[in-house]
Amino acid sequence: MGLSSLYTSADALSAMSTGISVVGDNLANSNTVGFKTSRTLFDTVLTQVMGGSSPTDSGHGVEVQQVQTQFTPGTVESTNNPLDFAISGDGFFIVKDTSGTGDTSYTRDGQFSLNKNGSIVNANGLVLQGYLADSSGNISKSLTNLTFGLDSTGNLTVPAQATSTATVSVNLSSTDALPKVNSAFTTGSNTIAFTDSSGNTYTATIPAGTLTTGADLASVLQTSLNTATTASGTATTDTFTVAFDNASNVLTINNTGSNNVTLFTSGSTLTPQQIGFSTGTTSITAGGQAASSNVAFASGFSKLSGPAAGTFDYSSTTSVYDSAGNTHNVTVYFGKAVNSDGTWNTNNWNSFAVWDTAKPDANGNISHNYQYQQLGNMTFSTSTNSSGQTVSTLSSPTAAQNINLTWDSSWGVTSPQTVALSFSNSTQYASGDSSTSYSVNGNSAGGYTSFKVNADGTLDGVFSNGQEKTLAQLVLAKFNAPTQLAKEGSNLYAQTDKSGASILSTPGTGGVGTVEGASLEVSNVDTATEFVKLISLQQGFTENTTVISTTNEMFTTMLSEKT
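Residues numbered from 1 in each chain as written. Predicted model: local features only at pLDDT ≥ 70, side-chain atom pairs only at ≥ 80, totals over all residues. Heavy atoms only, no water.

S.K.: Before we move on, can you summarise the overall build of the protein chain with the specific residues and values?
M.R.: When its secondary structure is counted, the protein chain shows three helices and 41 strands. Evaluated residue by residue, the protein chain yields a buried proportion of 39% over its 563 residues. A fraction of 59% describes how many contacts in the protein chain between residues 6 or more apart in sequence connect residues 24 or more apart. For the protein chain, the computed accessible surface area is about 26,800 Å², with 49% contributed by carbon and sulfur atoms. (Helix = DSSP H or I, 4+ residues; strand = E, 2+ residues; numbered from the N terminus. Buried < 20%, exposed > 50% of the residue type's maximum accessible area, 1.4 Å probe, protein only. Contact = heavy atoms within 4.5 Å. Areas by Shrake-Rupley, 256 points an atom, 1.4 Å probe, with all protein chains shown as cover.)

Structure, rendered in C-alpha cells:
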C-alpha cells in the first residue's frame, strides 16, 4: 500500500481551498464597482510507473493551474455624479499618481471626482489620464494627467472671451416700401459753425423746413455754406459745392476756394468731406462717423436714442461680448436702397450696425451714446430650382464685414473691438421681414457647475454662464491578453509580460468601447453561479478528506494485524 493517495488528497484539499477562496473573493466583491470575477483553472498531476511491458499512468492529484480574471461586461447603472464613467465594451481607464511619473495602473472602476487641485482622481487619489484641450477646445494627442487650470481663487472657470464673429440671417420682404424718411430731415433754425485756415469762424444758417430728398439737402447746405458770415458780418470768401449720391447715399461737401476749411471737427482739414448727419436742437452736427458714412439716418439718428422710426424697414438685434465678458446689443438696420435717379432698387438694401457705447453709472442711469457704421449694401438674386420653385439668395456681400465697435473708457475693455459680421443664408421673399437665425462666438466668465462626457470620450465642462467647453478627451487602454494582467488591489491592474503592452485608443475607436457619463459598471459576479461553484468545491473538499480518512484507517488496520 502506497502513500500516494494521501499526497493526492492533500494536494486536492489545497486546490479546493484555493477555489473556495476565489469564490469567496468573488462573492465579497459582488457590489464592487467595475470588479471582474475570477475563476480557478485546475490541472491534473500525472506520474508514470514503469511496470514491465505494460507501463501504467496513475493520477497524482490536482493542482491550481491559474486564477483567471473574467472580463465579461457588467451591467451599467445610472448615477448622479457626472464624473462617474462606465465603459461599454473593451478597455480600461488609465490612472497614475499625482506626479504623473509613477507606475501606470488600469481599472474598470469609473468612480472619479475633482480634487482641490483641479485633477480628476479616483478614490485612491490616482489621476485619470487622457488628452487635454487647449483654450479653443482643440484636443492634443499627448497622454497626461487630466488636471484643469484653476483661477486665483482656486475655482475651475472659463474666462471671458470677446466676440469676434457673428452671423445675422434675415428675410427682407420683397414687398417692403422705401423708408418714409431716407436721406432727408426736418430742420429748425439750425446753424453750422466752421473755421477757415486763417482762424476766422463762420456761421452758416440752415433755414427751417422739411427736406425730403438728398438733393434738397445738398442744395440747402450749399447755399448756407456759401452765404456764411462771421459774427461781425464778414462773408466767407470760399466757394462750396455740395452733392448727394442717391446710389450710395453719400453727401459730399467740397471747398473749391483758396482757404482750407474745417467742418464739424476740430484740428483736421477735410476737403472734400463725406459726412453723416444727426439733428440737434440748435445745430446740425456730424455723427462722428468715418468719411464714407451713409446718411440714411440723417433725419432721425440721435446719439441719445438711435435711429428714429420710419428711417428703416427692419432691424435685427443680437448680443455681443466685450473683452471683459460684458454683453452689449448690436442692432443691424435694413432699408430699401434707391437708384441714382431716385427710383427703387428692387434687390438692393442699405444696412447699418448701431450700438451704444455708454456705461450705466452706479445708480443704473445711462447717458446713451449710440454709434453706427455703414455696412455693405445687400443685393439678392433669384433662380429656379429643380422643382420649379423660385429661390432667393444673397449675392453680396459674400464675405463677412468688419464692424469696429467702440466702447466708453469706463468699461475698461478693448476698444475698438472688431467683429466679423456675416449675412449668410439671408433671403428676400414676400413672406415678411424676419430674423431667421443669428449666432455669435465669445462668452462671459463663468464658474464650473458640472461635466458632460460624450460617447467618444470628449469631456465638456458646463459653466454658470451657460457655456459648454471641451476640456479633455478620455483615453482607454486595451491588451491582447487582458486575463494575464496582474491584480494590484484597489480594483487596479498592472501590465505584465504575458498581457502585452497597452494599446491606447479614444473611446469608440481602435477596438475599445464607448464611455457613458453619470454611469457606473457594476460587478459582473453572478452570485447564483458562484454558490453552485462553492457547493461543488465544498463537496470536492469533503470527498478528499474522506479519502485521507479511509487511507488512514487502512494503515491502522494493517499495522494492527502486524502486531
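S.K.: Would you mind going over the pairing of strand β34 (residues 458-463) in detail, with residue names and values included?
M.R.: Summarising burial for β34: five of the six residues are buried, a large majority. As paired strands, strand β33 (residues 446-453) and β34 are joined by five bridges and run antiparallel to one another. By the bridge assignment for β34, Phe451 is matched with Gly461. The hairpin turn running from β33 into β34, its antiparallel successor, is four residues long, and Gly457 in that turn takes a positive phi close to 85°. Across five bridges, β34 lies against strand β35 (residues 468-474) in antiparallel orientation. Across the sheet, the residue bridging to Gly461 is Lys469, located in β35. The turn joining β34 and β35, which pair antiparallel and follow one another in sequence, is formed by four residues; a positive phi near 85° is taken by Gly466. (Pairing = 2+ DSSP bridges.)

S.K.: Which residues make up the sheet that holds strand β30 (residues 401-405), and what values go with them?
M.R.: With respect to topology, four strands assemble into an open sheet ordered β30-β31-β12-β32, the strand pairing being mixed. Looking at strand neighbours, the two that pair on one side only are β30 and β32 (434-440), the edges of this open sheet. Averaged over all adjacent pairs, the angle separating strand axes in this sheet is 25°, with direction ignored. As judged from the three bridges shared by strand β12 (residues 165-171) and strand β31 (residues 417-422), these two strands associate in the parallel manner. Across the sheet, residue Thr165 finds its bridge partner in β31, namely Ala420. (Axes fitted to C-alpha atoms, helices over the stretch in contact; angles between N-to-C directions.)

S.K.: Go over the environment of Gly432 with me, naming the residues and quoting the values.
M.R.: In this fold, Gly432 is placed in the loop between β31 and β32. Among the residues examined, Gly432 registers a relative accessible area of 21% and is labelled partly exposed. Placed 256 residues apart in sequence, Gly432 and Asp176 show a C-alpha to C-alpha distance of 8.2 Å. Filtering out sequence-adjacent residues up to four positions away, Gly432 remains in contact with Asn171 and Ser173.

S.K.: For the packing of aromatic side chains, give the residues involved together with the corresponding values.
M.R.: For the structure shown, the criterion picks out 14 aromatic pairs. For the pair Phe92 and Tyr493, a centre-to-centre distance of 5.9 Å together with 65° between the ring planes defines the contact as edge-to-face. Taken together, the residues Phe92 in strand β5 (residues 92-96) and Tyr493 in strand β38 (residues 492-494) connect sequence positions 401 residues apart. As far as the burial class goes, Phe92 and Tyr493 line up, both buried. The interplanar angle of 45° and the centroid separation of 4.7 Å between the aromatic rings of Tyr448 and Phe451 together place this pair among those described as tilted. Members of the aromatic cluster, joined through ring pairs, are Phe71, Phe92, Tyr106, Phe479 and Tyr493. (Phe/Tyr/Trp six-rings, centres within 6.5 Å; stacked < 30°, edge-to-face > 60°.)

S.K.: Any details on the side chain of Asn524? Residues and values, ideally.
M.R.: Note on placement: Asn524 falls in the loop between β41 (519-521) and α3 (527-562). Using a relative accessible area of 13% as the deciding quantity, one classes Asn524 as buried. A distance of 2.8 Å separates a polar atom in the side chain of Asn524 from a polar atom in the side chain of Thr72. (Polar contact = N/O pair within 3.5 Å; in protein donor to acceptor, adjacent residues only side chain to side chain.)

S.K.: Tell me what's going on with the pattern of salt bridges, and back it up with residues and numbers.
M.R.: Per the counting criterion, the structure on display carries four salt bridges. For Glu521, the salt bridge identified is with Lys36, shortest N-O distance 2.5 Å. On the criterion of sequence distance, the pair formed by Glu521 in strand β41 and Lys36 in the loop between α1 (4-28) and β1 (38-49) is long-range, its members being 485 residues apart. Like Lys36, Glu521 is buried. Ionic pairing is found between Glu468 and Lys452, a salt bridge with its closest N-O pair at 2.9 Å. A residue pair is termed long-range when its members are at least 10 positions apart, and Glu468 in strand β35 and Lys452 in strand β33 qualify at 16 residues. (Salt bridge = Lys/Arg side-chain N within 4 Å of Asp/Glu carboxyl O.)

S.K.: Mind laying out the side chain of Ser224, listing which residues take part and the relevant values?
M.R.: With respect to the helices and strands, Ser224 occurs in helix α2 (residues 214-226). By relative accessible area, Ser224 is classed as buried at 4%.

S.K.: Provide a residue-level description of the environment of Asn350, including the pertinent values.
M.R.: Its place among the elements puts Asn350 in strand β27 (residues 344-356). Within the local environment of Asn350, its side chain forms a polar contact with the side chain of Asn377, the two groups lying 3.3 Å apart.

S.K.: With reference to specific residues and values, describe unusual backbone geometry.
M.R.: In the segment running from Ser396 into Pro397, the intervening peptide bond is cis, with an omega of 0°. If you trace the backbone, Pro397 turns up in the loop between β29 (390-396) and β30. Here Ser415 and Pro416 are connected by a cis peptide whose omega angle stands at 0°. For Pro416, the position within the fold is in the loop between β30 and β31. Its identity as a non-glycine residue notwithstanding, Asn425 has a phi of 70°, on the positive side. Structurally, Asn425 can be placed in the loop between β31 and β32. Residue classification places Asn425 among the exposed residues on the basis of a relative accessible area of 65%. Positive phi values are uncommon outside glycine, yet Asn491 reaches one of about 65°.

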